[in-house]
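# Coordinate inspection notes
Below are the chains, spelled out letter by letter.
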Amino acid sequence: MNHLNIATIPERIQGMQKLEALFKQNGYLICQSSGDRIYDLKEIVVIFIPLSPERDQVMAVHSEHAPVFLQSCLLTLQ
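The model shown is predicted, which means the values in this text are computed figures rather than measured ones. Starting from 1, residues in each chain are numbered consecutively following that chain's sequence as written. Per-residue local features of the predicted model are confined to residues with pLDDT of at least 70, and side-chain atom pairs are confined, for both listing and counting, to 80 or more; whole-chain, interface and lining totals are unaffected and use all residues. Computation of side-chain values: all heavy atoms of the structure, hydrogens and water removed.

## Focus on the nonpolar core
- For this analysis, a nonpolar core means a set of buried residues of the types Ala, Val, Leu, Ile, Met, Phe, Trp, Tyr and Cys, connected via side-chain atoms within 4.5 Å. Burial classification: accessible surface area is computed with a 1.4 Å probe over protein chains only, and a residue below 20% of its type maximum counts as buried, one above 50% as exposed, and the rest as partly exposed. Formed by 14 residues in total, the largest nonpolar core has its most connected members in Leu 19, Leu 29, Ile 44, Ala 60, Val 61 and Phe 69.
- At the level of elements, α1 (8–26), β3 (44–50), β4 (56–62) and α2 (66–77) are the ones that each hand at least two residues to this core.
- Under the scheme used here, helices are H or I runs from DSSP no shorter than 4 residues and strands are E runs no shorter than 2 residues, and both carry numbers assigned from the N terminus. Among the elements that make up this core, the one with the highest residue count is β4 (four residues).
- We call two residues contacting when some pair of their heavy atoms lies within 4.5 Å. Sequence-distant contacts of Ala 60, defined by excluding residues within four places in its chain, comprise Leu 19, Leu 29, Ile 30, Cys 31, Gln 32, Ile 44 and Val 45.

## A few points about the pattern of salt bridges
- For salt bridges, the criterion is a side-chain nitrogen of Lys or Arg within 4 Å of an Asp or Glu carboxyl oxygen. Tallying each qualifying case throughout the model produces two salt bridges.
- A salt bridge links Asp 56 to Arg 12; the shortest N-O distance between them is 2.4 Å. Highlighted residues: Asp 56 in strand β4 and Arg 12 in helix α1, separated in sequence by 44 residues.
- A relative accessible area of 18% means that Asp 56 is categorised as buried.
- For Lys 24, the salt bridge goes to Glu 20, with nearest N and O atoms at 3.7 Å. Taken as a pair, Lys 24 and Glu 20 lie in helix α1 at a separation of four residues, close to a single helical turn.
- Exposure remark for Lys 24: the relative accessible area of 64% places this residue in the exposed category.

Below, the structure written as structure tokens:
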């Protein structure tokens, strides 16, 4: 975690809190990979996509889709 900008950590926590609040409000989150609804909190993987040194995009992905989703995100960076 030494490579992270300490200022982004509170924003990441807030991003996770927003996802948790959406889950509590709706009873599900939408998987950013498949578009399916995720009803079990244990099946959600939170992924932080860096937009800049100060900002991240927080995404919820079903645990089954997370490896492929991350690979596709990494391929777009190359």
